[in-house]
Structure formats: C-alpha cells, structure tokens
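Geometric and topological summary
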Amino acid sequence: VTARAVSRKAKRGRVLSFIREKEETSRGEIAREFSLDKKAVSVMVDELLSERILAVNGFRDSGSNPVRGRRREVLAINGAHSAYIGIDLGATHITGVLSDLAGTVLERAYFEVRPGLPVDLILDQMKTISARLLSREKDTGGVRAVGVCVPGFVHPRAGVSLVAENIPGWRDVRVREIFQKEVGRPVALEDASRAFATAERWLGTCRGLRDFIALDLGYGIGMGMYAGGTLHTGSAWKSGEIGHTVVDPEGLHCACGNNGCLETVASGRAIARQASDGIRAGRSALLHDLTHGNAESVTAQDVALAASMKDPFSTGLLEAAGSAVGLALANAVNLLNPSVVVLGGGLVSAGRPLINALASSLARCTMPGIREDMRLTVSELGGDSSARGMAQIAAEDVFAGE
Ligand SMILES: [Zn+2]
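Parameters at a glance
Residues numbered from 1 in each chain as written. Predicted model: local features only at pLDDT ≥ 70, side-chain atom pairs only at ≥ 80, totals over all residues. Heavy atoms only, no water. Helix = DSSP H or I, 4+ residues; strand = E, 2+ residues; numbered from the N terminus. Rg over C-alpha atoms; globule rule 2.2 N^0.38 Å. Buried < 20%, exposed > 50% of the residue type's maximum accessible area, 1.4 Å probe, protein only. Donors = N, O, S within 2.8 Å, 3.2 Å for Na, K, Ca; no water. Phe/Tyr/Trp six-rings, centres within 6.5 Å; stacked < 30°, edge-to-face > 60°. Axes fitted to C-alpha atoms, helices over the stretch in contact; angles between N-to-C directions. Parallel < 35°, antiparallel > 145°, perpendicular 65-115°, else oblique. Contact = heavy atoms within 4.5 Å. Nonpolar A, V, L, I, M, F, W, Y, C, P; charged D, E, K, R; others polar. Pairing = 2+ DSSP bridges. Core = buried A, V, L, I, M, F, W, Y, C linked by side-chain atoms within 4.5 Å. 1 Å grid on protein atoms, 1.4 Å probe; cavity = no way out; pocket = protein on both sides within 12 Å on 5 of 7 lines; lining within 4 Å. Points joined across faces, edges and corners; volume = space filled by probe spheres on them.

**Details of the overall build of the protein**
The helix and strand inventory of the protein stands at 13 helices and 15 strands. A compact globule built from 402 residues should have a C-alpha radius of gyration of about 21 Å, and the protein, at 23 Å, falls within 12% of that. Reported as C-alpha extents along the three principal axes, the dimensions of the protein are approximately 75 × 50 × 35 Å. Expressed as a percentage of its 402 residues, the buried residues of the protein come to 51%.

**Points about the coordination of the zinc ion**
Those protein atoms acting as donors to the zinc ion are His244 (ND1), Cys254 (SG), Cys256 (SG) and Cys261 (SG), and they sit at 2.0 to 2.3 Å. Positions of the donor residues of the zinc ion along the chain correspond to the pattern H-x9-C-x1-C-x4-C. Residue cysteine 254 shares its accessibility class with cysteine 261, and that shared class is buried.

**Quick look at the packing of aromatic side chains**
Per the stated rule, a full pass over the model turns up two aromatic pairs. Relative to phenylalanine 34, the ring of phenylalanine 18 lies with its centre 5.6 Å away and its plane at 90 degrees, an arrangement referred to as edge-to-face. Of this pair, phenylalanine 18 sits in helix H1 (residues 3-22) while phenylalanine 34 sits in helix H2 (residues 27-34), and the two are 16 residues apart along the sequence. The buried category is assigned to phenylalanine 18, whose relative accessible area is 10%. Each ring, one from phenylalanine 212 and one from tyrosine 226, has its centre 5.2 Å from the other, and the planes form 15 degrees; the classification is stacked.

**Observations regarding the packing of helix H6 (residues 192-203) against helix H13 (residues 385-401)**
Relative orientation of the contacting elements H6 and H13 amounts to 80 degrees, with a least axis distance of 7 Å. Considering their axes alone, H6 and H13 lie roughly perpendicular with respect to each other. For the pair formed by H6 and H13, the contact residues are Ala192, Ala195, Phe196, Thr198, Ala199, Trp202 and Leu203 on the first element and Ser385, Ser386, Arg388, Gly389, Met390, Gln392, Ile393 and Glu396 on the second. Looking at side-chain class alone, the contact of H6 with H13 contains eight nonpolar, five polar and two charged residues.

**Some details on the sheet that holds strand S5 (residues 105-112)**
Within a sheet, each strand pairs with its neighbour through backbone hydrogen bonds, oriented either parallel or antiparallel. In space, the five strands of this open sheet follow the order S5-S4-S3-S6-S10, with mixed pairing throughout. Whereas interior strands pair on both sides, the edge strands pair on one side only; in this sheet they are S5 and strand S10 (187-191). Strand-to-strand twist across the sheet, computed as the mean angle between neighbouring axes with direction ignored, equals 15 degrees. Where strand S3 (residues 83-89) lies against strand S6 (residues 143-150), six bridges are found, and the strand directions are parallel. By the bridge assignment, isoleucine 85 is partnered in S6 with valine 146.

**Looking at the sheet that holds strand S9 (residues 171-173)**
Taking strand neighbours across the sheet as the criterion, the three strands line up as S7-S8-S9 in an open arrangement whose pairing is antiparallel. The outermost strands of the open sheet, each flanked by one partner alone, are strand S7 (153-155) and S9. The mean inter-strand angle of the sheet, taken between neighbouring strand axes irrespective of direction, is 20 degrees. Here S7 pairs with strand S8 (residues 160-163) via three bridges, running antiparallel.

**Brief notes about the nonpolar core**
With 42 residues, the main nonpolar core has Leu215, Leu217, Leu329 and Leu354 as its most contacted residues. Elements with a minimum of two residues in this core: strand S11 (212-217), strand S12 (221-227), helix H8 (268-280), helix H10 (300-308), helix H11 (312-336), strand S14 (340-344) and helix H12 (352-365). The element contributing the most residues to this core is H11, with 11 residues. The contact partners of leucine 329, leaving out residues within four places of it in the chain, are Ile213, Leu215, Ile242, Val341, Leu343, Leu358 and Leu362.

**Digging into the pairing of S8**
Following S7, the chain reverses through four residues before pairing antiparallel with S8; glycine 159 in that reversal takes a positive phi of roughly 75 degrees. Relative to S9, S8 runs antiparallel, the two being bridged by two bridges. By the bridge assignment for S9, valine 163 is matched with arginine 171.

**Some remarks on empty space enclosed by the protein**
Following the criterion strictly, the structure yields two cavities of 30 Å³ or more and no others. A volume near 40 Å³ is recorded for the second largest cavity. Considering the residues around the second largest cavity, the lining is formed by Leu89, Gly90, Ala91, Val113, Arg114, Pro115, Gly116, Leu117, Ile122, Asn166, Ile167 and Pro168. Each residue belonging to the lining of the second largest cavity can be placed in one class, and the counts come to eight nonpolar, three polar and one charged.

Now the structure itself:
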C-alpha cells in the first residue's frame, strides 16, 4: 500500500465524518472545509456516490447566485448502504439496535438484567439479542459490523472488557473474540458512556459540537466527552470516571476501593441502598408500601415514583443525589469548558427533584465566566442512546479500516 493510498483513505474518512456530522452538505462546502480544488472533490464525491455510500438528497437553489438558476446537489450519507448492530450492556439492562449507515434505527431488542446475574448468562442474553437483530439483515444493505459497549474499563484495541464494578464477576471478558465467533464480522468495543457521547455527537442534541460532556446517570455514573472535536479516551481508555471522583473523603466505601466516590452517594445503586435503609428505619411509609415491605427490592425507580407522589424522604434522597452530581459536574466543567452538558441514563427520568438540584448546584459551583457559555440539556435519544452510538462507532471503524 502506497503512502498516497493511505492518505487518500484518511481523507475519505475525514470527508465521510464531516458529511455524517453535517447531515447534509454540498461539493462546495466539502471543498471549502478541506481546502480541496473542485476537481479533487468531484473525483472523491463521484467515487462515494458510485459506491452508494453517499446519495444525492435533492437539489437546492445555489445561495450565491440564484439569478443564474444554478442548483446545487444536496449530499447525504446513504443509510441503505449498510447496517450495524450496537449492543449496550448495563448493570440493569441489555439494549440492542440494528441501525443503518445514517444512524436510523431499524430494529430494537431489550432485556432486563437482574443485578448479580452470572456472567455466562449475561453473555448468552447478549448473543440472543445480536442473533435477533441479525435475523433482520435481509431488510438492510447488509450488516457490516457489530459494536458492543460496556460500563467500566475497556481496552478497545484488544477488544477486552477489563472490569465493570457494577456487574459482579465481570472481569477480562474477551468481548471481541466472543462476538466475532458468534456473528462472523468485525466487532468494536467501547465504554458505554463514550458510546452515549458519540450518539449525542452524531445523532443528538450535540450534533457537530466540538466540546461537550455527556453524563450517563444510571445504576453507575459515567461520562463521555468530546474535546476539540475528538472523543476523549485518555492515555489508556480510562477517562471519564466522574462517578469515582471523591465528593466526601469521609464517605462510604466504594466498589472501586476508594471512599466517598460520587457513585456511593448519587448512583441508582446508591439511591436504592439509601432507600432500603430508610424503609428499614421506618422513614417512608410510602416506599414501604410500594415495595410491600421488602426493603431489599427497592429500586431508584421506586424512589422516583414515591417522590412524584410527594414523599418527603424520597424527594430528599433525589435532591441530595442531584446536588452531589452537580458538584462533581461543576468541577469537570471548570476543567474542560464544554459548550453543552447533556444528561442521559435511567436516572434522568427519575424526575424533577434530582434534575433541579443538579442544575442549581452545577450553576452555583461552576466559575462565573464559564457557566454563562455552557448549556445544560437532557438527551432526547432515550434509553437506546449508547447502543445507537455503539453502532456508529462500529461503522466508523469499518470505514477507517477500508
Ligand atoms: Zn469509586
């Protein structure tokens, strides 16, 4: 392979990313963005059109000189070109999507996971989901790759999920090897919060933004971020552990081995634990009734329900959790100066007390001069955002490797 072929491929990859990010573009816009001459753009665009990776999405009057009646093509990614599967493993769910090259979801699959389920059974359920999605391949341009995201530490290059504290026994799981055997095509692996950030960047409210934070509030708390237009991974793919920033040095022991991490106060798991203690201490008659007195079975969703019914204990728990998250987030915002913080994950639907407390402690603790330029927003992608982002990452890997 010659150096010229490598640089041509890299350029194609960058142009494709640009088009995905813009949703729609034109030859002129590509030429300006990449400082290419008309001829070079034509060659590349014609090639992408003939491979059916790009499609012409109608024509629009040229803004520069409408009198001459020149119409420019609107170029967009051709979704029908190929399809990708994204599978998101969480502590309480497995979510899968089959999506096309443009990121449109063609099929979904979902399993609830009981915390503490054996690793082999979790893997079996993930395989069942991928098989179910793969069975829809005939309706697509062909499934080219599968992406799997997991919480905790991952080694994407090796395809190994190193450890997920919130999934007991989950250690050094050779995700790529296991799923490649299963599906017979390339398998990508990433951290679930980074997959969420990717979904926001390509498909959600952060489309095209260069610097933003995507906070994943669920059973655990993770963060994905884009810095300068690039997904930030850290030196060994371990960035974004906001859930293990210390908010109370004298606090409870955390699964990571430290004390007083944000996750010990504000994660879905922590909220459930505090609720369970509260039920046993007789602090909430409503939660007691909602769980039929079975304190062990209480979940963060039960707390959210009780709070929506004005239970003071449950409202207090969610407010304390929201304040702690806002504090940790403000520290991250002061460090990173994002233009947007987008919230996602199961706890976001836990309602106003948590989000309001989060927003006010975030505003209070972020530096003046930084907070004015930052917008706090809630993801509109819903529960399958990480799976969708993972399908996009799998697609990117395919095109980067071609
Ligand atoms: Zn920790």
